[in-house]
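# Remarks on the overall topology
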Amino acid sequence: MKNFLIAPSILSADFSKLGQEVDEVISAGADIIHFDVMDNHFVPNLTIGPMVCQSLRDHGVTATIDVHLMVEPVDQLIGSFIDAGADWITFHPEASADIDRSLQLIRDGGCKGGLAINPETSLDSVKIFLNKIDIILLMSVNPGFGGQKFIPKTLEKLREARSIIDKSGLNIHLEIDGGVSSKNIREIASAGADTFVAGSAIYGADDYHLAINNMRSELEV
Ligand code: DX5
Ligand code: ZN
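Note that the structure is a prediction, hence the values are computed from the model and not measured.

## Comments concerning the overall build of the protein
- Summing up its helical and strand segments, the protein has nine helices and eight strands in all.
- When its C-alpha atoms are laid out on the principal axes, the protein stretches across 45 × 35 × 30 Å.
- Across the 221 residues of the protein, 53% fall into the buried class.
- For the protein, contacts bridging at least 24 residues in sequence account for 63% of all contacts bridging at least 6.
- Of note, the protein has its 17 positive side-chain charges centred 7 Å away from the centre of its 31 negative side-chain charges.

Right, dumping it as structure tokens:
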């Protein structure tokens, strides 16, 4: 079986007890923690920043923290998140004045870096910077909010991204973000994704363990 990664998005967690919410999904079988950063400028919502990432580390979280920057500009926050204990950092190419430099900053900081691609954005920047990225994050909703519906045409883009990665022979994660649940995860995996962000489908469930198990059993078929 492929090495599939399930990444609960803490956007849908209860922020009043975030450390506990992260511990619970990890003990329920999650692989990595998806950390959505919104600035009320690049997207019309405001969430959490590097101090919260540092707090999770101080709380004892050792899991991979996958920081998804929906902010503009990006470079200063890349530095702050490296210092705050991030492991993966993705940003939207539209938000960087110099994509090459932003990607380099991430790798220089010892993190994996990648590009987050909106539903209406092409894969051109991915193709140009393929040698410099470790993650392609395909948005399957418009960024800004949890709990939206998966946009079906993203499946076609996933197939395109999968073929780009396979042809390159590079070791690049293909991550899907938005509207993922146990109902559509199998189809999404068949289109080529290997890393699955799920916010409302996990944190909205009564039993995190069951929610993650349901996803895994769909992936095993
Ligand atoms: C949306 C965020 C997503 C979001 C996914 O802008 O990037 O990570 O939390 O939430 P669900 O899984 O509820 O669509
Ligand atoms: Zn995200």
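There is more to say after this.
## Points about the side chain of E21
- Structurally, E21 can be placed in helix α1 (residues 18-27).
- One buried charged side chain, E21, makes no salt bridge at all; its nearest oppositely charged neighbour is K17, positioned 4.6 Å away.

## Considering the coordination of the zinc ion (ligand 2)
- Coordination of the zinc ion (ligand 2) by the protein involves H34 (NE2), D36 (OD), H68 (ND1) and D177 (OD), with metal-donor separations of 2.1 to 2.3 Å.
- On the primary sequence, the residues serving as donors to the zinc ion (ligand 2) are separated as H-x1-D-x31-H-x108-D. Here D36, found in strand β2 (residues 32-38), pairs with H68, found in strand β3 (residues 64-70); they are 32 residues apart in sequence, far enough to count as distant.
- In this structure D36 comes out as buried when scored by relative accessible area, which is 5%.
- Taking the relative accessible area as the measure of exposure, H68 reaches 0% and is therefore buried.

## Digging into the pattern of salt bridges
- By the definition in use, this model includes eleven salt bridges.
- For D87, the salt bridge identified is with R57, shortest N-O distance 2.5 Å. Within this pair, whereas D87 is found in the loop between α3 (75-83) and β4 (88-91), its partner R57 is found in helix α2 (residues 50-59), the two being separated by 30 residues in sequence.
- You can call D87 partly exposed: its relative accessible area is 27%.
- A salt bridge links K153 to E120; the nearest nitrogen and oxygen atoms lie 3.0 Å apart. Here the residue K153 occupies a position in the loop between β6 (135-139) and α6 (154-168), and E120 occupies one in the loop between β5 (112-117) and α5 (124-128), the gap between them amounting to 33 residues.
- Judged by relative accessible area, which is 62%, E120 ranks as exposed.
- What emerges from the salt-bridge pattern is a single network uniting R162, D166 and D194.

## Details of the sheet that holds strand β7 (residues 173-177)
- Reading across the sheet, the eight strands line up as β1-β8-β7-β6-β5-β4-β3-β2 and stay open at both edges, with parallel pairing between neighbours. The outermost strands of the open sheet, each flanked by one partner alone, are β1 (5-8) and β2. On average, each strand axis in the sheet is tilted by 20° relative to the strand beside it, whichever way the strands run.
- Inspection of the sheet shows β7 paired to strand β8 (residues 195-198) by three bridges, in the parallel sense. Within β8, the position partnered with D177 by the bridge is V197.

Rules used throughout
Residues numbered from 1 in each chain as written. Chains lettered and ligands numbered in written order. Predicted model: local features only at pLDDT ≥ 70, side-chain atom pairs only at ≥ 80, totals over all residues. Heavy atoms only, no water. Helix = DSSP H or I, 4+ residues; strand = E, 2+ residues; numbered from the N terminus. Buried < 20%, exposed > 50% of the residue type's maximum accessible area, 1.4 Å probe, protein only. Contact = heavy atoms within 4.5 Å. Lys, Arg positive; Asp, Glu negative; His and termini not counted. Charge placed at Lys NZ, Arg CZ, Asp CG, Glu CD. Salt bridge = Lys/Arg side-chain N within 4 Å of Asp/Glu carboxyl O. Donors = N, O, S within 2.8 Å, 3.2 Å for Na, K, Ca; no water. Pairing = 2+ DSSP bridges. Axes fitted to C-alpha atoms, helices over the stretch in contact; angles between N-to-C directions.

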